[in-house]
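Working through the structure, step by step
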Amino acid sequence: IPVLHPKATERSRISIAALLLPGKDPPVSIHPLAVVSPHVQLGVNVRIGPFCVVEPGVALGDNCCLAGRVTIKSGTQLGRDNQILDGVVLGGMPQHVRMPQHPGSVVIGDGNVFRENVTVHRAMEAGHITRVGNGCLLMVGSHVAHDCVVGDHVILTNNAMLGGHVTVDERAYLGGGVAVHQFCRIGRLAMVGGMARITQDVPPFVMIDGGTAMVVGLNKVGLRRGGIGIREMEQIKAAYRVIYRSGLAWAEMLDVLQLEFPTGAASEFAPFFAEGKRGLVQERRTPP
């Protein structure tokens, strides 16, 4: 039975008892000052702190921990082992002049950490999803807007902001105060410096200078930490030179990338560019 404060009302006891899932032992621990709907799904060892609000239609996986003043809105699903710190709001309505009557949902994976005052908003339309993967760290005040897709092991530093429909691929790193325009994409293992304004797609593996918001080379430290070997690193460098140093026209550049780098990490450049709609962040160095 969840730990209850001695002064908890009978209504609180009934509501908490309704949360227990059959066959779950141990069940959950809910602070008496939390407001939790009986129409939620809670896994094993879920802990809900004071002044939290969990609305109907929420699912929290095993070992999720909500600190204080956390709000989990309807239509939000969390996997297991997520840490939700003070003031976080997950599943809020989209910030849009056309407020949807039937918004989509928020789906969050396993092992994520949401630091204080993070916000994640529901998708604009029913059947659509704002998604956060596994093992991500969203630091204080960061924001994920409606219909975003955040991959695994992504780090959003303090006050980083993703506009609607942004995609951030696996192991990307966004520095403090980064603002990403709607529909932009951040490639895998890319690193974006603090305060950058991203209005075009950031290719995989590159590093963006915060002051100019332009490419300043490869994210070599991130590549090594991401398990990229020496041979693949050489291929990525060669592909980088084709993209930014060859002076080829766009179609020619795509053809060369597809022909010369059919496998390995460098092969990710061509399909990434082919799917883009907002253009490509340019290199800070003057091109040939």
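Residues numbered from 1 in each chain as written. Predicted model: local features only at pLDDT ≥ 70, side-chain atom pairs only at ≥ 80, totals over all residues. Heavy atoms only, no water.

**With respect to the sheet that holds strand β14 (residues 119–121)**
Here nine strands make up an open sheet; going across it, the order is β2-β5-β8-β11-β14-β17-β20-β23-β26 and the pairing parallel. Taken across any chain shown, the strands that pair with only one partner, and hence form the sheet edges, are β2 (35–36) and β26 (197–198). Inspection of the sheet shows β2 paired to strand β5 (residues 53–54) by two bridges, in the parallel sense. Bridge pairing in β5 links Val-35 to Val-53. (Pairing = 2+ DSSP bridges. Helix = DSSP H or I, 4+ residues; strand = E, 2+ residues; numbered from the N terminus.)

**Overview of the confidence of the model for the protein chain**
Looking at the protein chain as a whole, the pLDDT averages 92, with 90% of positions reaching at least 70. A low-confidence stretch, residues 1–21 (pLDDT under 50), is modelled with 29 contacts involving residues beyond four sequence positions or located in other chains. (pLDDT = per-residue confidence, 0-100. Contact = heavy atoms within 4.5 Å.)

**Some details on helix α3 (residues 230–244)**
Between its first and last C-alpha atoms α3 spans 21 Å; for 15 residues at 1.5 Å apiece the expected length is 21 Å, and the two agree. Those residues of α3 that are buried are in contact with β27 (206–208), β28 (215–218), α2 (220–225), α4 (250–260) and α5 (269–274). (Expected span 1.5 Å × (residues − 1).)

**What to know about the pairing of strand β11 (residues 89–92)**
By the bridge criterion, two bridges tie strand β8 (residues 71–72) to β11 in an arrangement that is parallel. Note on β11: the bridge partner recorded for Ile-72 is Leu-90. Pairing analysis gives three bridges linking β11 to β14, with the strands arranged parallel. Residue pairing across strands places Gly-92 opposite His-121, the latter belonging to β14.

**Thoughts on the pattern of salt bridges**
Side chains that carry opposite charge are capable of pairing whenever their charged atoms lie near each other. Evaluation of the coordinates by the stated rule reveals eleven salt bridges. Put simply, Asp-81 and Arg-80 hold a salt bridge, and the shortest N to O gap is 3.0 Å. Ionic pairing is found between Arg-245 and Glu-283, a salt bridge with its closest N-O pair at 2.7 Å. Taken as a pair, Arg-245 in the loop between α3 and α4 and Glu-283 in the segment after α5 lie far apart in primary sequence, 38 residues in all. Judged by its relative accessible area of 8%, Glu-283 falls in the buried class. Here the salt bridges do not stand alone but share partners, grouping Asp-62, Arg-80 and Asp-81 into one network. (Salt bridge = Lys/Arg side-chain N within 4 Å of Asp/Glu carboxyl O. Buried < 20%, exposed > 50% of the residue type's maximum accessible area, 1.4 Å probe, protein only.)

**Focus on the side chain of Ser-142**
Turning to its location among the elements, Ser-142 is positioned in the loop between β16 (137–138) and β17 (143–144). For Ser-142, a relative accessible area of 0% translates into the label buried. A polar contact of 2.8 Å, which involves the side chain of Ser-142, links it to the backbone oxygen of Met-139. (Polar contact = N/O pair within 3.5 Å; in protein donor to acceptor, adjacent residues only side chain to side chain.)

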